[in-house]
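# Commentary on secondary and tertiary structure
Each chain is listed here by its residues.
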Amino acid sequence: MNHRHASDHQGLTRRLLAIGAEAGRRAEAGRVRFAALLLATLTLALALASVVAAHATYEGQEVRGKARGPVFQEDEPDRPAVALWSVTGDSVPGSGQFPVVFLTRLTEDAPLPPGLASWPEPGESVLSPALWDRPGARDLATRYGRTVGTIGSEGLQSPDELFAYVVPFARAEGDGVKPVVGFGPDSGFVYFSVGQQDDAKPEWNFLLMGGFLLVLPAAVLLIVAARAGAHARDRRTALVAVLGASPRSRALIVLGEALSPVLAGALSAALVIATAAVVDIRLPWVGHVLVAADVRAWWWALLAAVLAALLVVLMVVVLTDVTGRRRGSGNRIGGTRRAPVKWAAACPVFILIAVRGPEFFPTGTAPFVFVNWVGAAGALATLPAALAVVIGALGRGLAGVGRRRGRPGLLVAGRRAAAHPGPMARMTAGVVVAIGLLLQAVAWQGQLGSNARAAQATVDRIGTSALVVQPPSATVQQWAAFSRALPTGTAALSLTFEPQAGRTTVTGECPALGSLGLPCASKPEISMSSSADPRLRELLGWSDGGRHTARVVLGAPVTGQGGVRGFTQTVLISPRTGADLSEQRIKQAAYASFPMGAKVSTIGGEWLTAARVNQLQGEWLTLFGLAGIAVLAMASGFAGLAEFLRQGRALAPLATLTGNARVYWSTALHGILLPLALAGLVGSVVGAWLVLPQTASGSSYLSDGLLVACAAAAALIGVVGWVWGAVVSVRQAAVWRPRGE
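These notes cover the structure that comes with them. Please read these numbers as outputs of a predicted model, since none were measured by experiment.

Here we take up the state of the cysteines. Here the structure, examined in full by the defined rule, presents one disulfide. Here Cys-510 connects covalently by a disulfide to Cys-520, the sulfurs 1.5 Å from one another. Taken together, the residues Cys-510 in helix α16 (residues 510–515) and Cys-520 in the loop between α16 and β13 (523–527) connect sequence positions ten residues apart. Judged by relative accessible area, Cys-510 falls into the partly exposed class, the value being 31%. Exposure remark for Cys-520: the relative accessible area of 40% places this residue in the partly exposed category.

Quick look at the pattern of salt bridges now. By the definition in use, this model includes twelve salt bridges. A salt bridge links Asp-533 to Arg-535, with the shortest nitrogen-to-oxygen separation between them at 3.1 Å. For the pair Asp-533 and Arg-535, a shared accessibility class is recorded, and that class is buried. Here Glu-583 makes a salt bridge to Lys-587, at a shortest N to O gap of 4.0 Å. Highlighted residues: Glu-583 and Lys-587, both in helix α18 (residues 583–593), separated by four residues, approximately one helical turn.

What follows is about the pairing of strand β14 (residues 549–554). As defined by bridge partners, strand β12 (residues 503–508) adjoins β14 across four bridges and the pair is classed as parallel. The partner of Gly-508 across the bridge, within β14, is Leu-554. Looking at chain direction, β13 and β14 are connected through three bridges and run antiparallel. Its bridge partner lying in β14, Ser-527 is registered against Thr-549.

Attention shifts here to the side chain of Thr-382. Position of Thr-382 relative to the elements: it lies in helix α11 (residues 366–405). When its relative accessible area of 3% is taken as the criterion, Thr-382 is described as buried. Setting aside its immediate chain neighbours within four residues, Thr-382 contacts Trp-343, Ala-346, Cys-347 and Phe-350.

Attention now moves to the sheet that holds β14. Spatially, seven strands are ordered β13-β14-β12-β11-β15-β10-β16 in an open sheet, and the strand pairing comes out mixed. The strands lining the two open edges of the sheet, one partner per strand, are β13 and β16 (599–602). The sheet shows a mean angle of 30° between the axes of neighbouring strands, direction not considered. Of the strands in this sheet, β10 (466–470), β11 (491–498), β12, β14 and β15 (567–573) are in contact with helix α17 (residues 534–543), which crosses β15 at around 165°. Taken strand by strand, α18 contacts β10, β15 and β16, and its axis lies near 160° from that of β16.

The strands that make up a sheet are held in pairs by hydrogen bonds between backbone atoms, and each pair lies either parallel or antiparallel. Strand order in the open sheet made by the seven strands is β1-β7-β2-β3-β6-β4-β5, with mixed pairing throughout. Each edge of the open sheet carries a strand with a single partner, namely β1 (70–72) and β5 (146–150). When the angles between neighbouring strand axes are averaged without regard to direction, this sheet yields 40°. Where strand β2 (residues 83–90) and strand β7 (residues 178–183) come together, three bridges link them in antiparallel fashion. From the neighbouring strand, Ala-83 faces β7, where its bridge partner is Val-180. Docked against the sheet, α18 engages β2 and β3 (98–105), running at close to 165° with respect to β2.

Within the secondary structure, Ala-712 is located in helix α23 (residues 704–734). Of the residues examined, Ala-712 reaches a relative accessible area of 40% and is grouped as partly exposed. Residues Ala-712 and Ala-630, 82 residues apart in the sequence, show an inter-C-alpha distance of 9.5 Å.

This part takes up the nonpolar core. Phe-638 and Leu-690 are the most contacted members of the largest nonpolar core, which has 96 residues in total. Here this core takes 15 residues from helix α2 (residues 30–67), the largest share from any one element. If we ignore the near neighbours within four places in the chain, the residues touching Leu-690 are Ile-351, Ala-354, Val-355, Asn-372, Ala-376, Ala-379, Leu-380 and Gln-440. Within the second largest apolar cluster, 20 residues are counted, among which are Ala-491, Ile-526, Ala-550 and Ile-603.

Running from N to C, helix α10 (residues 341–356) and helix α21 (residues 662–690) cross one another at 45°; their axes reach a closest spacing of 8 Å. By the angle between their axes, α10 is oblique relative to α21. Of the residues in α21, those touching α10 at Ile-351, Ala-354 and Val-355 are Val-686, Trp-689 and Leu-690. When the residues that make up the contact of α10 with α21 are grouped by side-chain class, the tally is six nonpolar, no polar and no charged.

Moving on, we come to unusual backbone geometry. In the Ramachandran plot, Trp-285 falls in the positive-phi region, its phi being about 75° despite a non-glycine side chain. By the secondary structure assignment, Trp-285 is in the loop between β8 (281–282) and β9 (289–290).

One pass over the full model with this rule turns up 15 aromatic pairs. Taken together, a centroid distance of 5.8 Å and an interplanar angle of 70° make the contact between Phe-72 and Trp-85 edge-to-face. Placement of Phe-72 in strand β1 and of Trp-85 in strand β2 is noted, with a sequence separation of 13 residues between them. The pair formed by Phe-72 and Trp-85 is uniform in burial state, with each residue classed as buried. Following the ring pairs from residue to residue traces out a cluster consisting of Tyr-58, Phe-206, Trp-620 and Phe-624. Here Arg-68 stacks its cationic end above the ring of Phe-163, 4.0 Å away from the centre of that ring.

Definitions and cut-offs
- Residues numbered from 1 in each chain as written.
- Predicted model: local features only at pLDDT ≥ 70, side-chain atom pairs only at ≥ 80, totals over all residues.
- Heavy atoms only, no water.
- Disulfide = S-S within 2.5 Å.
- Helix = DSSP H or I, 4+ residues; strand = E, 2+ residues; numbered from the N terminus.
- Buried < 20%, exposed > 50% of the residue type's maximum accessible area, 1.4 Å probe, protein only.
- Salt bridge = Lys/Arg side-chain N within 4 Å of Asp/Glu carboxyl O.
- Pairing = 2+ DSSP bridges.
- Contact = heavy atoms within 4.5 Å.
- Axes fitted to C-alpha atoms, helices over the stretch in contact; angles between N-to-C directions.
- Core = buried A, V, L, I, M, F, W, Y, C linked by side-chain atoms within 4.5 Å.
- Parallel < 35°, antiparallel > 145°, perpendicular 65-115°, else oblique.
- Nonpolar A, V, L, I, M, F, W, Y, C, P; charged D, E, K, R; others polar.
- Phe/Tyr/Trp six-rings, centres within 6.5 Å; stacked < 30°, edge-to-face > 60°.
- Lys NZ or Arg CZ within 6 Å of the ring centre and 35° of its normal.

Next comes the structure, spelled out in structure tokens:
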């Protein structure tokens, strides 16, 4: 008997699941809900997997960074040194600072760092593939000496890392040169490692970005998908309950309806993750390469993310069915015949506060930032109300145009928007607010480095007509060799700033001093006027805190040797104002003259390379934000599509009377495509207005391409929803028969 009871129980379960599956296929928005649940499961699984992948990437980079890390002899004093190791930094156009590691082999059997097939000879270098292929930096093949190969993937933190190993032509010496006994944890304790992770943002930044910009939008899409077509489904659930179905039976019917799309979404996500575990994938916009080995190392967590997404979607589907039945509400977004005019009127006021309010305070101060934030927050909070009012007014206008020109689709869409502006506004508000928040985040990301903005302004004013040269260590003979290798007419002087004395000293010989308009004689102190050489004003502005006064000393430039007090830097000057020096050629001369090369940059240029970290963070924000906007646009599109199809049967008599199905295309155009396209456009325009105080200086990473991408993402989803809604409505009309409507 127990066996028969269990068999009957299993049979009933299968029948209830089958009933739910058949009900889903026959529902008026069944295919819409199928696609919505599939995409909700897919996006939620991939959003959770992205968080896991971020951690896996950081861990993989850390492991590979330690594997090539030097084991210093000072930490293993009982072992013999096998090589000399030192590191400096360099940059190429468009990059941040990257490591250049100098190695000198001390023994014939010295172990190789990971990624090297053999030891380069003195005067040779080995570059990472990304550095070798870097556009605009072709001189790297000879900058550090003759390049003889590329570093293998096992010796790089990621395939897109910029990294170089150099064996100097002469044995390097100095405080930064240390003997090592090997490389990696297998050779001893690794206390020091260098690589791209050193300048990367902390891991929690990416975990939060994945959580807020991907997981939350996926959760919104899940709620919309779970309630898609719920108006008819709630009636069915109520009927089943009246017939005596238990809560378990009702839940099985709901699961049967959702199981196929949820499984399809989970399998699609698993396929994407499996692909990432097999081949390296270069992510768009940021150019980062997701390493397959890192993904494979965390396969169990990624699998758990997919299973968690599957279970969460099924749980939400069941719970929303219960809450929807209790509320007696359907899928349609509750409308209102009265738009919130008072809140709508506040929106342009807040926009005005955000855009013009900061002008009353000094740029960058706390009141400047506070006023802009208050205005932006108020504008985004009241924007849905403003959209409701605008949509209601547009609806009345569209209805009037449709009535005068005899266009039933325009008339129906316009009257519905005028009568129920709230649902349309809520459909578009999520997209508009998401775009506004993304633009705020990207714009403020560009405000994190005032020194970088000042350095870029310096470059804009004087170009590369003055370059700062800073070798890690150098002798008088090496400085002489470097001077001989400089382009003809290049002059050199030194700038020494003594903080305690508050004094800046410019030292140079007559040609160098004359190229800056300075007297060919020692002067106790001179003050710069507005007519002074702009290069000199920039040099003093970065050296003496804006005092623009200096002592002039006639003589050979100070090269940092001989115990000079203060901070000294060597500056190369072009023969005349406005004539740029070749930064690449100067760097090549530096690496040919100094054993460990030299940092060569524009005045304040070190801040430009440091700002690349923030710029890259802004690109990641853009990538994650665009993905989140696309998901929110899908949620809005599905909500509007399900609502449109719920009303589709009511349009069937109209199509019969007009004699054509173009009314469906017209109504879907004005009910789905137009609102979403306007949402993308309004979000981009209003968002750009709200960040004007931050972008006025030109320092933001906000670009026209980003604005176009935001608007295009919403419009693309609108096009899909328009075509889909029109096609399904036409099919519904084809099987409609009068039933006493």
